[in-house]
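# Residue-level structural notes
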Amino acid sequence: MTERALAREAIPYARRDSTLIVHGDESQRFADLLGAEIRRPMTAGMLNPAETDSTEIILRIVDSLLGEPGGRGTRLVFSVPAPPLAADVNLTYHEAAIRDLLTRRGYQVSSLNEGLAVVYAELEGTNYSGIGVSFGGGLCNVCLAHLACPVASFSIPKAGDYIDASAAAVTGERPTRVCLEKESGFRFNGAPPNKIQQAIGVYYDDMIQSLVEAMRDCFGGSRQLGRFRKPVPVVLSGGTALPEGFAARFERAVTAASLPVPISEVRLAPNPLYSTAKGALMAALAEA
Amino acid sequence: MGVIGRAREALQAYRLERRAARLQDPVAKLRCLRRAQAVSADPTGRPAPEAILARVAAAVLLVPSPTASDAWFAATLETPREASSRPPEVWLVEERDGVEYFSNGLRIDNRGAVEGRPRRYPVYDADTLELREWRWVPAGIVYHTTESHIAPFRPEQNPRLMLAGRWMLDYVRRNHSYHFVVDRFGRVHRTVAEEHAANHAGASIWASGGELFVNLNAGFLGIAFETETREPARGAELTPAQKLAGRLLTEMLRARYRIVEANCVTHAQVSVAPAAMLVGNHLDWSANFPFAELGLADNYGQPIAAVAIFGFRFDREFQRATRSALGRGLAAGEELFRRRADSLGRSEPQHRAAVARRYREIVQALRNEARGKEDNSSWAPPRQTSARPSDSTSAPAGLS
């Protein structure tokens, strides 16, 4: 019966023996309805080592997004995170596994740094010079680029999941519940209406502060800053950047930190959820 | 970066920016910029207007630049390849009982593989010698010989062949010496996990496509063939099974990591002795490496990057040992170095001093990064094949 209901509602799912696995956006709503935590095929921006079905689920998500390849050798660019700062994380397996999975689907595959993808998507007006930031679930990815060439890139492991988990820990809620609250009603402007939103705000500020400090440290260590003769824009993207007032809050932090690269503006991407995908598409078209 | 380098870079960026700004189509603009970054000079080698300006600047300012940019130099290192063989698609079919089976017939025995340390390595700009980025996916392959004692490849020698192979593998695993070993029967053994660094290249330098790699333990995968170099000028010999396995393994790794042919090189091509500023600290595969039989273009003619970029020298012994194969790469490297010094208006000693200083800075930065954890020793070819007087990193006994 459940399966029929899922099919009727066009909710993506997979059957494994007697288990139904709901994937995609709806999984979060289902988990909340059932009072359970969602399973995560990815964590901290990479394949979840604790989730045995991670690649299978990713494959199903890819299939539901892309359908069948339009012929062998169709070009496909996927984004990969930059190495996290101050964390001993090995990204090789993640990238190789995703590459292998997509190659086996018949695509001609290449990878693109996630922050650089944001630059490609949103900074055409400055000839692809500037800073692209993607605020995701597991990681915040940053790339400073000059004329489409990455000058410095990094990620930090404080992002949406960190906010959810931290706020959940201090409020006694489940992270999924906090996440739904964050995505449905949280805003920076005005007094927080409840304890959960107050906690979310605290950890948002913590994430912003950590990221801006990392930008200052990482860019300060680059020997190629002399290339930037003009102030460059910062463009923000990703689901964690969606709350109202986020860009203004980030801009205040950037201004206070006085980054080693002069900044012309801080703005939110027009479609923050799609910036990385758009940048990957740009790269694929440019490679063609 | 010095005044000349900055002037040139600014001019190049200015021209590129103007060219890109004229393009209305975002994709065309992105394509233009990406291609310009990949090939930053006229491939004909004619001096660009910026080069003329840079020379004038040098003459007027008389300021030596330690890492001055020369776009011609980067383009030259993008050596035109012979008909490039794109590796066929290779995928993992299954893993059973510790053995991986691949679609091209390759089998890798994972039993006994050990872990190294996670791979993370810097890529420098071969032109400016500045840090470009950090990476974690292998950029190339270095081919080695195990230099272990080997028995004649005959049926009656089978017990000795088996025993020698087993001892050699034990040694390699204990020392995390290579990622893969191809034994004399063509069996491929994974010795260090692919996603980790192995102690195979030690002090080493390579460059291609405008990218410079220093100390290749992390950036390059190490494949060792169980064989022995009796005479460096003649190189080592492989069994037919080893050549076949080497080809399949190379195909798989190139397909998996998109490794370019120019980055499939031998240990002798990349090995250096830093203190003496000499190339050829190790001499394995200084000749006779079967590039063609492994499905690769002959890389022996590529400029030796340590000579071309950092002005490393070579002594008579190395010249004698490698005249048949590496001689072309050494000569090309020297010529590049001379032209580079000339284009910057420097004498060779001046240029050598400047780039040597930069090399030492890079090595120091790498040491700092490793925070003393890295063990750069590699399993050096013993006896006559590693007879460099200085910088010998380790000299383990051969198997007997």
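Quick caveat: nothing in here was measured; it's all calculated off a predicted structure.

## Some points on the overall build of chain B
When its secondary structure is counted, chain B shows eleven helices and 16 strands. The 400 residues of chain B split such that 56% are buried. Pairs at least 24 apart in sequence give 72% of the contacts found in chain B among residues at least 6 apart.

## Overview of the confidence of the model for chain B
Residue and element names in this part refer to chain B. A residue-level look at chain B finds 76% of positions with pLDDT of 70 or above and a mean pLDDT of 77. Low pLDDT, under 50, characterises residues 39–84; the stretch is placed with 93 contacts to residues that sit more than four places away or in other chains. Every residue in residues 374–400 is under pLDDT 50, and counting partners more than four places away or in other chains gives 83 contacts. If you check the scores for this complex, the pTM reads 0.49 and the ipTM reads 0.81.

## Quick notes on the nonpolar core
One finds B:Y143, B:L212, B:L249, B:V279 and B:F310 to be the most contacted residues of the largest nonpolar core, which totals 93 residues. Considering each element in turn, this core owes the most residues, seven residues, to helix α6 (residues 240–257) of chain B. Ignoring sequence-local partners within four residues, the contact set of B:L249 consists of B:L106, B:I108, B:F180, B:V182, B:V188 and B:I223. In this structure, A:I163, A:A168, A:F188 and A:A253 belong to the second largest nonpolar core, which totals 43 residues.

## What to know about the pattern of salt bridges
Enumeration according to the criterion identifies 30 salt bridges over all chains in this entry. Note that B:R34 and A:E287 form a salt bridge whose closest N and O atoms lie 3.3 Å from each other. Residue B:R34 is located in helix α2 (residues 26–38), and its partner A:E287 is located in helix α10 (residues 275–287); the two belong to separate chains. For B:R135, the salt bridge identified is with B:E211, shortest N-O distance 2.3 Å. Pair noted here: B:R135 is in strand β6 (residues 131–135) and B:E211 is in strand β12 (residues 211–214), with a separation of 76 residues, a long-range link. For B:R135, a relative accessible area of 19% puts it in the buried group.

## Points about the pairing of strand β2 (residues 99–102) of chain B
Residues and elements named next belong to chain B. Burial along β2 is two-sided: V99 and Y101 facing one way and E100 and F102 facing the other are all buried. As paired strands, strand β1 (residues 92–96) and β2 are joined by four bridges and run antiparallel to one another. Bridged to E94 within β2 is Y101. The hairpin turn running from β1 into β2, its antiparallel successor, is two residues long, and D97 in that turn takes a positive phi close to 50°. In terms of strand pairing, β2 meets strand β3 (residues 107–109) through three bridges, oriented antiparallel. Across the sheet, Y101 pairs through a bridge with R107, a residue of β3. With antiparallel pairing between neighbouring strands as the criterion, β2 and β3 make up a hairpin whose turn holds four residues, including G105 at a positive phi of roughly 100°.

What counts, and where the lines are drawn
- Residues numbered from 1 in each chain as written.
- Chains lettered and ligands numbered in written order.
- Predicted model: local features only at pLDDT ≥ 70, side-chain atom pairs only at ≥ 80, totals over all residues.
- Heavy atoms only, no water.
- Helix = DSSP H or I, 4+ residues; strand = E, 2+ residues; numbered from the N terminus.
- Buried < 20%, exposed > 50% of the residue type's maximum accessible area, 1.4 Å probe, protein only.
- Contact = heavy atoms within 4.5 Å.
- pLDDT = per-residue confidence, 0-100.
- Core = buried A, V, L, I, M, F, W, Y, C linked by side-chain atoms within 4.5 Å.
- Salt bridge = Lys/Arg side-chain N within 4 Å of Asp/Glu carboxyl O.
- Pairing = 2+ DSSP bridges.

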